[in-house]
Amino acid sequence: MIKRMIGAAVRAILVASVFTMPAILLPGTSADTVQMVVLLSLVAALLVFVEYSSEYPSLIEFRNAPPFNRLRFLALFCTVLTLTLMARGQVMPTALSSTLVGLGHMIGNAMDFPFSPVRLMVLLAPEGATPPELDQIRMHAGMSYLIALAMLLSFVVVVRLLDWPLRHGAFNFWVNLPLFDPTAGGDVLRRLKRDSHVNVALGFLLPFLIPAVLKTASVYAVSVSLTDPQTLIWTMSAWAFLPISLIMRGVALMRIADLIEEKRRRAYAQAELQVA
């Protein structure tokens, strides 16, 4: 009980730190913005604490199947921290920020080719944007996408080479998938594979769909100002994190489906041997 509470508190603090990082590290943040960010971080931290302090989960999937959620959090944390340091380096340069900016230039230029997700995000720049502002958008898009792809590759390696999720013991289906309703109808195995395909397909499409949605919103509704550092950081973080998170979920569901299918196959083979 005490160990679970301590773990929940540590996770809540880490989640709150991600939300407050840009507002605290970037110079010139207004007091109203800091207060709003702190409030949102407290709400997020409270939700995480309540979820992880309870014995059984209610919202967070794969809670007892590490390192799925740890990799997702690490991806978001690294993305926000890296983009924040790059934005801070434009005003208060350091050796680390200069290195990240140089790496961001290289990655952004490499990924900025016709019809690429990075090119689509650069096209969201407002009319009259200066070349330095376009470089900022390109750098942030390239770095965030690279970090997300690295975390996805890491999870695929964990699944294929480290036998996730069986490496940490038996996998409890109902505890790790609290949002999956087994009574919704249809075979569980077929539904898992269907959800896996949908998540992977949507994850591949979102990097292209999100810029289109934002461009449409800028025409008919409120536009997103990518010249503001905090807006740029959170827009790029969400643009890179959400698709990769969906793909990781799809890979995880397919892995669970494969385990169920293999268990069924063994059960059917054992039943046939008993009958014979």
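Scroll up to find the structure this text is about.
Overview of the structure.

1. A word on the side chain of Thr84
Point 1. Take Thr84: it is sitting in helix α3 (residues 68-89).
Point 2. Contacts of Thr84, omitting those with residues within four sequence positions, involve Met21, Pro22, Leu25, Leu26 and Ile233.

2. Some points on unusual backbone geometry
Point 1. Put simply, Pro66 and Pro67 share a cis peptide bond, and its omega is 10°.
Point 2. Pro165 follows Trp164 through a cis peptide bond whose omega is 0°.
Point 3. Mapped onto the elements, Pro165 comes out in the loop between α6 (131-161) and α7 (173-176).
Point 4. The phi dihedral of Phe62 is positive, around 55°, even though this residue is not glycine.
Point 5. Position of Phe62 among the secondary structure elements: in the loop between α2 (31-53) and α3.
Point 6. Take Phe62: its relative accessible area is 1%, and that puts it in the buried class.

3. Remarks on the layout of surface pockets
Point 1. By volume, the largest pocket amounts to about 1,100 Å³.
Point 2. The set of elements that each furnish at least two residues to the lining of the largest pocket consists of α1 (2-25), α2, α3 and α9 (229-275).
Point 3. If one sorts the elements of the lining of the largest pocket by residue count, α1 sits on top with eight residues.
Point 4. Counted by class, the lining of the largest pocket contains 22 nonpolar, five polar and eight charged residues.

4. Focus: the pattern of salt bridges
Pairing between side chains becomes possible if they bear opposite charge and their charged atoms approach one another.
Point 1. Summed over all chains, the structure comprises nine salt bridges.
Point 2. Note that Asp163 is salt-bridged to Arg255, the shortest N-O span being 2.5 Å. Here Asp163 is found in the loop between α6 and α7, whereas its partner Arg255 is found in helix α9, with 92 residues between them in sequence.
Point 3. For Glu261, the salt bridge identified is with Lys193, shortest N-O distance 3.2 Å. Note that Glu261 is positioned in helix α9 and Lys193 in helix α8 (residues 188-220), a separation of 68 residues in sequence.

Criteria and thresholds
- Residues numbered from 1 in each chain as written.
- Predicted model: local features only at pLDDT ≥ 70, side-chain atom pairs only at ≥ 80, totals over all residues.
- Heavy atoms only, no water.
- Helix = DSSP H or I, 4+ residues; strand = E, 2+ residues; numbered from the N terminus.
- Contact = heavy atoms within 4.5 Å.
- Buried < 20%, exposed > 50% of the residue type's maximum accessible area, 1.4 Å probe, protein only.
- 1 Å grid on protein atoms, 1.4 Å probe; cavity = no way out; pocket = protein on both sides within 12 Å on 5 of 7 lines; lining within 4 Å.
- Points joined across faces, edges and corners; volume = space filled by probe spheres on them.
- Nonpolar A, V, L, I, M, F, W, Y, C, P; charged D, E, K, R; others polar.
- Salt bridge = Lys/Arg side-chain N within 4 Å of Asp/Glu carboxyl O.

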